[in-house]
Structures are given as structure tokens and as C-alpha cells.
Amino acid sequence: QVQLVESGGGLVQPGGSLRLSCAASGSIFSINAMRWYRQAPGKQRELVAAITSGGTTNYADSVKGRFTISRDNAKNTAYLQMNSLNPEDTAVYYCNAQGLIVAGSIFHSWGQGTQVTVSS
């Protein structure tokens with residue numbers, strides 16, 4: 001079983017920055033894609049950013065140029081640097097990861113979520 005723990009959320013003023021972290025632990029053999037999703041009140045969960053094990057990234061149009069996803073494969077950790085935040089970025093942010101455990105089975109795990117609130 002693989003666990004994901006997010007951290008770094010909080011309250012920030014418009015125009016500010018936050019950096020989210022997602023640490024994976026457990027019987028991990030390899031992690032393929034790591035993704036960040038978010039869900040605002042009354043809205044569906046949406047993909048924000050994704051990164052492959054080789055470092056290829058993709059972003060939602062709404063965050064391009066403001067958010068940067070990265071990962072440290074040695075630490076099984078992904079990051080989401082969020083700059084120029086605006087109130088529309090307010091949501092619970094979830095980490096998602098897919099890969100293989102040591103026994104050879106595929107895992108697909110979610111973190112518990114971290115709240116990001118952008119408000120003056």
C-alpha cells in the first residue's frame with residue numbers, strides 16, 4: 001500500500017505564493033505519473049498539473065505560467081509551486097500518484113488533500 005501526504009496549504013493574499021508538497025511512502029518500486037488536482041466548493045475535481053517520471057509536465061490552461069510542478073524521484077516527492085495566486089485558485093488540492101509496488105502490482109493512490117485559500 002502506498003500513502004500520499006500533502007502539506008503546504010494555507011491562507012494567502014491575492015498575488016501571493018505557496019508551495020505544496022506530496023510525499024509518497026510505502027512499498028514503492030516505481031512511481032510513474034504524479035498529479036495535482038483541486039476541487040473548489042460546488043465544483044468537480046479538476047486536474048491542475050502532472051509530471052511523468054522523466055520530467056514531462058502538463059498544466060491546466062488556468063494555471064499555465066503561474067504554477068510549476070516538479071518532483072524529486074529519490075524522495076518520492078512531488079511539489080507544486082503556485083505563484084500569482086488569485087481567489088479562483090481557492091480549493092482543496094489533492095495529490096495523486098500511480099506506479100508499481102515492490103510486489104509488482106499497480107498502485108493508484110490519493111492524498112487526503114490540503115486547503116488553499118486565497119483571500120484578502
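Look above for the structure.
In what follows, the accompanying structure is described. Just so you know, the residues in each chain are numbered from 1, in the order the chain's sequence is written. This being a predicted model, a pLDDT of at least 70 is required before a residue's local features are given, and a value of 80 or more before pairs of side-chain atoms are given or counted; all residues contribute to the totals for chains, interfaces and linings. The side-chain numbers reported here are obtained from all heavy atoms of the structure, hydrogens and water having been left aside.

### So, the side chain of Thr114
Thought 1: Starting at the N terminus, helices and strands are each numbered in turn, a helix being any DSSP run of H or I of at least four residues and a strand any DSSP run of E of at least two. Looking at the secondary structure, you find Thr114 in strand E11 (residues 114-118).
Thought 2: Burial classes follow relative accessibility: with a 1.4 Å probe on protein chains only, a residue under 20% of its type's maximum area counts as buried, one over 50% as exposed, and anything between as partly exposed. By relative accessible area, Thr114 is classed as buried at 10%.
Thought 3: At 3.3 Å, the side chain of Thr114 forms a polar contact with the backbone nitrogen of Gly9.
Thought 4: Two residues qualify as a contact provided that any one of their heavy atoms is within 4.5 Å of a heavy atom in the partner residue. With sequence-adjacent residues up to four places away left out, Thr114 is seen in contact with Glu6, Gly8, Gly9, Leu20, Ala91, Val92 and Tyr93. Counting of polar contacts relies on pairs of N or O atoms within 3.5 Å, with two restrictions inside protein: one atom must be capable of donating a hydrogen and the other of accepting it, and residues adjacent in sequence are counted only when both atoms are side-chain atoms.

### Concerning the pairing of E11
Every regular strand shows the same layout, with side chains that alternate between the two sheet faces.
Thought 1: The two faces of E11 differ: Thr114, Val116 and Val118 on one face are buried, but Gln115 and Thr117 on the other face are not.
Thought 2: Pairing of strand E2 (residues 10-12) with E11, which is carried by 3 bridges, proceeds in the parallel orientation. Along E11, the bridge assignment pairs Leu11 with Thr117. Two strands pair under a simple rule: DSSP has to find at least two bridges between them.

### Some words on the environment of Asn58
Thought 1: Examined against the element boundaries, Asn58 turns out to sit in strand E6 (residues 57-59).
Thought 2: A sequence separation of 10 residues divides Asn58 from Val48, and the C-alpha atoms of the two residues are 8.5 Å apart.

### Re unusual backbone geometry
Thought 1: Look at Asn76: it is not a glycine, yet its phi comes out positive at around 50°.
Thought 2: Locating Asn76 in the fold gives a position in the loop between strand E7 (67-72) and strand E8 (77-82).
Thought 3: Phi at Ser84 takes a positive value of approximately 50°, unusual for a residue other than glycine.
Thought 4: Mapped onto the elements, Ser84 comes out in the loop between E8 and strand E9 (91-101).

### Regarding the nonpolar core
Thought 1: Formed by 31 residues in total, the largest nonpolar core has its most connected members in Met34, Trp36, Val48, Phe67, Leu80, Met82 and Tyr93.
Thought 2: Residue assignment for this core shows that the elements contributing at least two residues are strand E1 (2-7), strand E3 (18-26), strand E4 (28-39), strand E5 (46-51), E7, E8, E9 and E11.
Thought 3: Sort the elements by how many residues they give to this core and E9 lands first, with 5 residues.
Thought 4: The contact partners of Met82, leaving out residues within four places of it in the chain, are Gly16, Ser17, Leu18, Leu20, Arg66, Phe67, Tyr93 and Val116. Among buried residues, those of type Ala, Val, Leu, Ile, Met, Phe, Trp, Tyr and Cys that are joined through side-chain atoms within 4.5 Å constitute a nonpolar core.

### Looking at the state of the cysteines
Thought 1: Disulfides are defined as pairs of cysteine sulfur atoms found within 2.5 Å of each other. All told, the structure shown has 1 disulfide when counted by the stated rule.
Thought 2: Put simply, Cys22 and Cys95 are joined by a disulfide, and their sulfur atoms are 2.0 Å apart. The disulfide joining Cys22 to Cys95 has a torsion of about -80° about its S-S bond and is therefore left-handed. Here Cys22, found in strand E3, pairs with Cys95, found in strand E9; they are 73 residues apart in sequence, far enough to count as distant.
Thought 3: For Cys22, a relative accessible area of 0% translates into the label buried.
Thought 4: For Cys95, a relative accessible area of 0% puts it in the buried group.

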